[in-house]
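So you can see what is in the structure, the chains are spelled out below.
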Amino acid sequence: VALAAERLQDHTGKKPLPVFRAPGGKTSARLLAAAEACGYKHVGWSPAGFLGDELPSDKYPNARLLSQALKNIRSGDILLAHLGIWSRQDPWAPAVLEPLIVGLLDKGFCFRTLAEHPAYQGWIAQHR
């Protein structure tokens, strides 16, 4: 973990945030305890924040994913999108990302960094 953090800092010039997202969001009590022992906290995405970009295009067209996101996302939600997934025939990002951002702004949402999120703000400030 320390080596990965050093590499990120070397490449970006900034110390990385002490947070991680488990692949696929799959965690266990042991994983979370080990991560916290190393100074990291898991950040998952909110149920409405899974934007569906890796689901099959034929069953989940972009218009449906956009509509679903705009309907279900709530204040404080953490969103997850892979901005290019090989298995999706109809690319998600070019069709959905900008309309999603504009739609959320139109609904009065604002965007903040994870360091400003109430659930993680204290942890990040303590571990920077």
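Above this text is the structure in question.
Let me sum up the structure you'll find in this document.

**Details of the environment of Lys15**
Here's step 1: Mapped onto the elements of the fold, Lys15 is located in the loop between α1 (2-12) and β1 (19-20).
Here's step 2: Here the alpha-carbon distance between Lys15 and Ser57, two residues 42 residues apart in the chain, equals 38 Å.
Here's step 3: Not counting the four nearest positions on each side in its chain, Lys15 is found in contact with Gln9, His127 and Arg128.

**Some remarks on the nonpolar core**
Here's step 1: Core analysis: the largest hydrophobic core is formed by ten residues, namely Leu51, Leu65, Leu66, Ala69, Ile73, Trp92, Ala93, Val96, Leu100 and Leu104.
Here's step 2: Those elements that provide at least two residues to this core are α3 (62-72) and α4 (92-106).
Here's step 3: Counting residues per element, this core draws most heavily on α4, at five residues.
Here's step 4: The contacts of Leu100, once residues within four sequence positions are left out, are Leu51, Leu66, Ala69, Leu70 and Ile73.
Here's step 5: Formed by seven residues, the second largest nonpolar core is a distinct cluster that contains Val43, Ile78, Ala115 and Tyr120.

**Examining the layout of surface pockets**
Here's step 1: Estimated volume of the largest pocket: approximately 740 Å³.
Here's step 2: Residue lining of the largest pocket: 29 residues in total, with Asp77, Ile78, Leu79, Phe111 and Arg112 positioned closest to the centre.

**Let's talk about the side chain of Asp53**
Here's step 1: If you trace the backbone, Asp53 turns up in the loop between β2 (41-42) and α3.
Here's step 2: Buried Asp53, no salt bridge; nearest opposite-charge side chain is Arg88, N-O distance 7.3 Å.
Here's step 3: Setting aside chain neighbours within four positions, we find Asp53 in contact with Leu65, Leu80, Ala81, His82, Leu83, Ile85, Arg88 and Trp92.

**Section: a nonpolar patch on the surface**
Here's step 1: A grouping of Leu79, Ile101, Leu105 and Phe111 is seen on the molecular surface, where their side chains present a nonpolar patch of about 320 Å² in accessible area.
Here's step 2: Inspection of the secondary structure puts Leu79 in the loop between α3 and α4.
Here's step 3: Given a relative accessible area of 32%, Leu79 falls into the partly exposed group.

**Some words on the packing of aromatic side chains**
Here's step 1: Counted under the stated rule, the structure contains zero aromatic pairs.
Here's step 2: Over the aromatic face of Trp123 sits the side chain of Lys41, whose NZ or CZ is 5.5 Å from the ring centroid.

**A look at the side chain of Ser57**
Here's step 1: On the secondary structure map, Ser57 appears in the loop between β2 and α3.
Here's step 2: Overall, Ser57 belongs to the buried group, its relative accessible area being 9%.

**Let's talk about the packing of α3 against α4**
Here's step 1: Orientation of α3 relative to α4, taken along the N-to-C sense of each, is 25°, at an axis distance of 10 Å. By the angle between their axes, α3 is roughly parallel relative to α4. The chirality of how α3 crosses α4 is right-handed. Of the residues in α4, those touching α3 at Asn62, Leu65, Leu66, Ala69 and Leu70 are Trp92, Ala95, Val96, Pro99, Leu100, Gly103 and Leu104.

Cut-offs and rules
- Residues numbered from 1 in each chain as written.
- Predicted model: local features only at pLDDT ≥ 70, side-chain atom pairs only at ≥ 80, totals over all residues.
- Heavy atoms only, no water.
- Helix = DSSP H or I, 4+ residues; strand = E, 2+ residues; numbered from the N terminus.
- Contact = heavy atoms within 4.5 Å.
- Core = buried A, V, L, I, M, F, W, Y, C linked by side-chain atoms within 4.5 Å.
- Buried < 20%, exposed > 50% of the residue type's maximum accessible area, 1.4 Å probe, protein only.
- 1 Å grid on protein atoms, 1.4 Å probe; cavity = no way out; pocket = protein on both sides within 12 Å on 5 of 7 lines; lining within 4 Å.
- Points joined across faces, edges and corners; volume = space filled by probe spheres on them.
- Lys, Arg positive; Asp, Glu negative; His and termini not counted.
- Salt bridge = Lys/Arg side-chain N within 4 Å of Asp/Glu carboxyl O.
- Patch = residues over 30% accessible without salt bridge, like charges linked within 9 Å, V, L, I, M, F, W, Y side chains within 5 Å.
- Areas by Shrake-Rupley, 256 points an atom, 1.4 Å probe, with all protein chains shown as cover.
- Phe/Tyr/Trp six-rings, centres within 6.5 Å; stacked < 30°, edge-to-face > 60°.
- Lys NZ or Arg CZ within 6 Å of the ring centre and 35° of its normal.
- Axes fitted to C-alpha atoms, helices over the stretch in contact; angles between N-to-C directions.
- Parallel < 35°, antiparallel > 145°, perpendicular 65-115°, else oblique.
- Left-handed = near helix turned anticlockwise from the far one by under 90°.

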